[in-house]
Amino acid sequence: MKNLVGRAKENYREMKKEIKETYQRETSPAEGKENSEPVRVFYPVINYDNCIKCMVCVKLCPNQVFEIKNGFPVVANPMACDPDCQICGVKCPTRVISFVSKIRWG
Ligand code: SF4
Ligand code: SF4
């Protein structure tokens, strides 16, 4: 039991460290890009393992982010995605759409 608690604390510390490092990396410009502007990058990612090819995401997207290729929806225009929308993720019947959200510099 003591071991379990120790390991949980260690995992928690590692997780906090990783979150802090990711935050610092994503909120500071990389070397050589100190004068660049931050750009928010947000786009959907599909886990094709459980995609049932219903095309709900394609039909609902107001910004034509998806295209159909070989019978599957693909994220063809990621930069057109609106972070305030997320309707495809909510309405996907198998919930296989997640989102990448990060800051890019320059
Ligand atoms: S979040 Fe909205 S804009 Fe972005 S891909 Fe999904 S439906 Fe399209
Ligand atoms: S809504 Fe979900 S299950 Fe349907 S095609 Fe899009 S990703 Fe696949």
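Higher on the page you've got the structure.
Residues numbered from 1 in each chain as written. Chains lettered and ligands numbered in written order. Predicted model: local features only at pLDDT ≥ 70, side-chain atom pairs only at ≥ 80, totals over all residues.

1. Remarks on the overall build of the protein
Our working definition: Counting from the N terminus, the helices are the DSSP runs of H or I reaching at least four residues and the strands are the DSSP runs of E reaching at least two. Just to be clear, the radius of gyration here is over C-alpha atoms, and the globule rule we use is 2.2 Å times residues to the power 0.38. Field definition: a residue is buried when 20 or more other C-beta atoms are found within 10 Å of its C-beta, exposed when 12 or fewer are, and partly exposed for counts in between, with C-beta atoms placed from the backbone. The contact criterion used is a C-beta to C-beta distance within 7 Å, with each C-beta placed from the backbone.
Helices and strands together make up the secondary structure of the protein, namely three helices and four strands. Against the compact-globule benchmark of 13 Å for 106 residues, the protein has a radius of gyration of 19 Å, which places it well outside the compact range. Within the span of the protein, comprising 106 residues, buried residues form 9% of the whole. Counting contacts in the protein only where the partners sit at least 6 residues apart, residues at least 24 apart contribute 64% of the total.

2. So, the site of ligand 2
Put simply, the rule is: The rule is simple: place the C-beta atom from the backbone, and if it lies within 6 Å of a molecule or strand, the residue is near it. Under this grouping Gly is polar, as are all residues other than the nonpolar Ala, Val, Leu, Ile, Met, Phe, Trp, Tyr, Cys and Pro and the charged Asp, Glu, Lys and Arg.
In the vicinity of ligand 2, 14 residues are found, and the nearest of them are Cys 51, Cys 54, Val 56, Cys 57 and Cys 92. Residue composition of the shell around ligand 2, grouped by class: 12 nonpolar, one polar and one charged.

3. Regarding the nonpolar core
For clarity, the threshold we go by: Only buried residues count toward a nonpolar core: Ala, Val, Leu, Ile, Met, Phe, Trp, Tyr and Cys, linked into one set through C-beta atoms within 7 Å.
Judged by nonpolar contacts, Cys 57, Cys 61, Val 65, Phe 66, Cys 81, Cys 88, Cys 92 and Ile 97 together constitute the single largest core of eight residues. Leaving out residues up to four positions away in the same chain, Cys 88 has contacts with Pro 44, Cys 57, Leu 60, Cys 61 and Ile 97.

4. Here's the deal with the site of ligand 1
Taken together, Pro 44, Leu 60, Cys 61, Pro 62, Asn 63, Val 65, Cys 81, Asp 82, Cys 85, Gln 86, Ile 87 and Cys 88 form the complete shell of residues around ligand 1. When its residues are assigned to classes, the shell around ligand 1 shows nine nonpolar, two polar and one charged.

5. With respect to the environment of Gln 64
As for its placement among the helices and strands, Gln 64 is situated in the loop between helix H2 (56–60) and strand E2 (66–69). Placed 18 residues apart in sequence, Gln 64 and Ile 46 show a C-alpha to C-alpha distance of 15 Å. The contact partners of Gln 64, leaving out residues within four places of it in the chain, are Asn 77 and Ala 80.

6. Quick look at unusual backbone geometry
Positive phi is not limited to glycine here, since Lys 53 has a value of about 55°. For Lys 53, a count of 11 C-beta atoms within 10 Å puts it in the exposed group. Although it is not a glycine, Gln 86 sits at a positive phi angle of roughly 60°. Since 14 C-beta atoms lie within 10 Å of it, Gln 86 is described here as partly exposed.

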